[in-house]
Amino acid sequence: MALPIMKNYINGEWEQSKSADIGKVWCPATGEQIAQVPYSTAAEVDKAVSVAKEAFEEWRRVPPLTRARYMFALKEIFEDNFEEISKTLVREMGKTLDESRGEVRRMIENVEHSTGVTSLMMGSTLEDIAKGIDCRSERQPLGVFGCIPPFNFPAMVPWWFMPYALVTGNTYVVKPSEQVPMTQGFIFELLEEIDLPEGVINMVHGSKEVVNAMLDHPDIQGVSFVGSTPTAKYIYKRCGETGKRAQALGGAKNIVTVMPDADIDKALPSLITSFYGCAGQRCLSGAVLAPVGDIADELLEKFVAQAKSLKLGDGLDSSTQMGPLVSAAHKERVLGYIEKGISEGADLILDGRNPEVDNPNGFYVGPTVFDNVDKDMTIAKEEIFGPVVSVLRAKSLQETIDFANTRGMANAACIYTASGAAAREFKYKVKPTMVGVNIGIAAPMSFFPFGGSGESMFGTHKGQGHDVFHFFTDAKVVINRWF
Amino acid sequence: MSLKNFGGVLDFAIELENEDASVLELAEKNQEMSSYQEQLTRLAKENKKNAKTLTRARQENVTEMILEPIQGLEVENYQEAKGDPTSMRKDEIVDHLKRLEDRAERFYREAAIRLQPVSDVAGIFQRLAKKRGERRKKLSTLS
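Conventions used here
Residues numbered from 1 in each chain as written. Chains lettered and ligands numbered in written order. Predicted model: local features only at pLDDT ≥ 70, side-chain atom pairs only at ≥ 80, totals over all residues. Helix = DSSP H or I, 4+ residues; strand = E, 2+ residues; numbered from the N terminus. Rg over C-alpha atoms; globule rule 2.2 N^0.38 Å. Buried ≥ 20, exposed ≤ 12 C-beta atoms within 10 Å, placed from the backbone. pLDDT = per-residue confidence, 0-100. Axes fitted to C-alpha atoms, helices over the stretch in contact; angles between N-to-C directions. Parallel < 35°, antiparallel > 145°, perpendicular 65-115°, else oblique. Left-handed = near helix turned anticlockwise from the far one by under 90°. Contact = placed C-beta atoms within 7 Å. Nonpolar A, V, L, I, M, F, W, Y, C, P; charged D, E, K, R; others polar. Pairing = 2+ DSSP bridges. Right-handed = clockwise from strand over helix to strand, strands pointing away. Expected span 1.5 Å × (residues − 1). Domains from an automatic or database assignment.

Draft legend 1. Representation of the overall build of chain B. Of regular secondary structure, chain B possesses 4 helices and 0 strands. Against the compact-globule benchmark of 15 Å for 143 residues, chain B has a radius of gyration of 16 Å, which places it among compact chains. Along the first, second and third principal axes, the C-alpha atoms of chain B reach 50 × 25 × 20 Å. For chain B, with 143 residues in total, the buried portion stands at 39%.

What follows is the structure, given as structure tokens:
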């Protein structure tokens, strides 16, 4: 039986792409192909943008509270279909069902936060900026926006942006990751139930041609991207060249500092989830574990013992604690980094290259730990995006801060300590802009901005929070005088 | 089998509530329990409500920040023979129901400790442990 081919959603209709270029969608837990995805054409992007542009003129006139009501309705539909969305996500991405539920929860929280548009989109006024002259600043939508999300959070990431674009009066085109298109496909089926006006929201599946068509399209006002640093840079540059707004979130190399006064037993579960949650495939994952001083041996002994005991398997099995990597290619990439760590002289104290799993055809790599990693080794510098921990034994807090501030990528950084002074010094000095204190995954909720610094984020407005309302609106200043 | 993560613990709790509701519904059908039908119906309804509360907790309290591995909860410690309340004597049924309440109370109490990082859910488990303990006392009045 032929596998289903994902359809585009344009102007309120499901359309089969005319492209003959078709990609494969895999189940990472079994290594089986489960769907097909079209690599749509620039003409199909143009069609989606055209209808979105046409829909914008009416949509921007819909009162913000009415636009918010669509989101209230959508929240209910998402809640009703919570398990189904979560399971679809597990099937194509591989993370555990709990992790998927966590992701879907985050997605819904953004829908919830967007309903505050009537306050959060509000402008400001000042009387008598000069005698008899008043001034006000209004926030207006701009038109069509585009979204290019990554493979690791196929449900949540588009919704860091999409609900805000919609409630502020913009229209939208999203290109799901071609590796994991099914989740957003299912979400769009649910979206139909709220009966948004045709053209307000559109989805075009594809790969590079779709991305480039979006970046080049003169009627797209801005693009939200999440992915690797090289691609984020590319997106930002191309958006600059074509005069678009851009928020391009890139990669990460997050350090987790453990001070000598940290309570290891209390910290351990959250350290494990920081490094191995989603099999290390998240931009907030710990990558470098930096014990300071003489805590290192005890910490590592306990950390490795717990990492070893993690149960790998299919995310749909409720006893699974860590799922596979997203694809065979990504598995090879991660294995390549493990080889690199060995060849550069780090000590491999936990080897995840041949894990015991029920289905060896799945794309599994087990928990891996390298001890005695030097800051100049490849595994200490580059983003691995897998369950590989590089242990950098540090002599002082300042050494870990210096490390965090010299990676280029400055997404997140965490510290475990009982000392308020150490925690303050750390958060004050580190460049990464998402900081956890005795928290291993410093994930801002929907009402706070999400995004890093340095090479982890290109653009001035982050996702979520109040920032995102500014990204999707322009300030129009009106100065009044009446004779 | 170990319950190794948040979802696994919640799944087990939901199943436990639904199973206990089924036992109560079967007990209702037993002629020897005809004078206690109202109480049994109420208890079964409460089990179903608990299952809904737990489903909602699973849906609303999972966040990636706190998906920490769980240790030391073994399903074997909370197994209870199902039995067939339609063919039991009244005293057997009451004993069986009391054992189910004991089992549930113990599970919720012990799981609440392990779910401390997800404090909202730990709180729900503590409340359910208390509720199930009180139900056991009420069942004692039937015998």
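Draft legend 2. View of the overall build of chain A. Along the backbone of chain A there are 16 helices and 24 strands. A globule of 483 residues ought to have a C-alpha radius of gyration of about 23 Å, and chain A, at 23 Å, matches this closely. Considering only C-alpha atoms, chain A reaches an extent of 75 × 70 × 40 Å along its principal axes. Relative to its 483 residues, chain A shows a buried fraction of 55%.

Draft legend 3. Here's a closer look at the confidence of the model for chain B. On average, residues of chain B score 90 in pLDDT, and 97% of them are at 70 or above. Interface confidence for the predicted complex, given as ipTM, is 0.81, next to a pTM of 0.93.

Draft legend 4. Geometry of the packing of helix 3 (residues 90-114) of chain B against helix 4 (residues 119-140) of chain B. Residue and element names in this part refer to chain B. Where helix 3 meets helix 4, the closest approach of the two axes is 8 Å, and the angle between their N-to-C directions is 160 degrees. For the element pair helix 3 / helix 4, the angle class is roughly antiparallel. For helix 3 against helix 4, the interelement crossing comes out left-handed. Judged by residue contacts, V94, L97, K98, E101, D102, A104, E105, Y108, R109, A111 and A112 of helix 3 engage A122, F125, Q126, L128, A129, R132, G133, R135, R136, L139 and S140 from helix 4. For the contact of helix 3 with helix 4, the class distribution of residues is 11 nonpolar, 3 polar and 8 charged.

Draft legend 5. Expanded view of the interface of chain B and chain A. Residue-level contacts link 19 residues of chain B with 21 residues of chain A. Of all elements in the fold, only helix 1 (6-29) and helix 2 (37-60) of chain B reach the threshold of two or more residues within the side of chain B that touches chain A. If you tally residues by element for the side of chain B that touches chain A, the top one is helix 1 of chain B, at 4 residues.

Draft legend 6. Geometry of the sheet that holds strand 18 (residues 412-416) of chain A. Residues and elements named next belong to chain A. With respect to topology, 7 strands assemble into an open sheet ordered 14-15-16-13-12-18-19, the strand pairing being mixed. Two strands lie at the open edges of the sheet, namely strand 14 (347-350) and strand 19 (434-437), each paired on one side alone. Taken pair by pair, the neighbouring strands of this sheet meet at an average axis angle of 20 degrees, ignoring direction. Bridge analysis of strand 12 (residues 254-258) against strand 18 gives 4 bridges, and the strand direction is parallel. Across the sheet, V258 pairs through a bridge with Y416, a residue of strand 18.

Draft legend 7. Just the environment of S318(A), in detail. By the secondary structure assignment, S318(A) is in the loop between helix 11 (296-308) and helix 12 (328-343). We classify S318(A) as partly exposed; it has 19 C-beta atoms within 10 Å. Linking S318(A) and E455(A), residues 137 residues apart in sequence, is a C-alpha distance of 37 Å. In contact with S318(A), not counting residues within four places along its chain, are L97(A), G7(B), G8(B) and D11(B).

Draft legend 8. Spatial organisation of the sheet that holds strand 24 (residues 473-481) of chain A. All names here are of chain A. What the 3 strands build is an open sheet, ordered 5-6-24; its pairing is antiparallel. In this open sheet, the two edge strands, each paired with only one partner strand, are strand 5 (124-130) and strand 24. Strand after strand, the sheet turns through a mean of 25 degrees between neighbouring axes, direction not considered. Note: strand 6 (residues 133-141) against strand 24, 9 bridges, orientation antiparallel. Of the residues in strand 24, the one forming a bridge with E138 is K476.

Draft legend 9. Fine view of the pairing of strand 13 (residues 286-291) of chain A. Residues and elements named next belong to chain A. Most of strand 13 is tucked away, with 6 of its 6 residues classed as buried. In this structure, strand 12 lies alongside strand 13, joined through 5 bridges in parallel fashion. Bridged to V256 within strand 13 is L289. Chirality of the crossover, the property in question, places the unit of strand 12, helix 10 (residues 264-276) and strand 13 among those that are right-handed. The pairing of strand 13 with strand 16 (residues 388-391) spans 2 bridges and is classified as parallel. Paired with L289 across the two strands is V391, which belongs to strand 16.

Draft legend 10. Region of the structure containing helix 1 (residues 42-59) of chain A. All names here are of chain A. Spanning 18 residues, helix 1 covers 25 Å between terminal C-alpha atoms, matching the ideal 26 Å at 1.5 Å per step. Those residues of helix 1 lying buried are E44, V45, A48, V49, V51, A52, A55, F56 and W59. Taken together, the buried residues of helix 1 touch strand 1 (8-10), strand 7 (144-148), strand 8 (171-174), strand 9 (201-203), helix 8 (208-216) and strand 10 (220-226).

Draft legend 11. Seen up close, the packing of helix 2 (residues 64-80) of chain A against helix 6 (residues 158-167) of chain A. Residue and element names in this part refer to chain A. Helix 6 packs onto helix 2 with a crossing angle of 145 degrees between their chain directions and a minimal axis gap of 8 Å. Two secondary-structure elements touch here, helix 2 through P64, R67, A68 and M71 and helix 6 through P163, L166 and V167. Across the contact of helix 2 with helix 6, the residue classes break down as 6 nonpolar, no polar and 1 charged.

Draft legend 12. Here's a closer look at the domain arrangement of chain A. Residue and element names in this part refer to chain A. Under the domain assignment, chain A is made up of domain 1 (8-250 + 456-481) and domain 2 (254-437). Just the C-alpha atoms count here: the centres of domain 1 and domain 2 sit 31 Å apart. Contact residues are listed per partner, giving 20 residues for domain 1 and 22 residues for domain 2. Mapped by element, the contributors of at least two residues to the side of domain 1 that touches domain 2 are helix 3 (82-93) and helix 4 (97-114).

Draft legend 13. Here's a closer look at helix 3 of chain B. Taking 1.5 Å of rise per residue, the 25 residues of helix 3 of chain B would be expected to cover 36 Å, and the 37 Å separating its terminal C-alpha atoms lies within 8% of that figure. At its buried positions, helix 3 of chain B is contacted by helix 1 and helix 4 of chain B.

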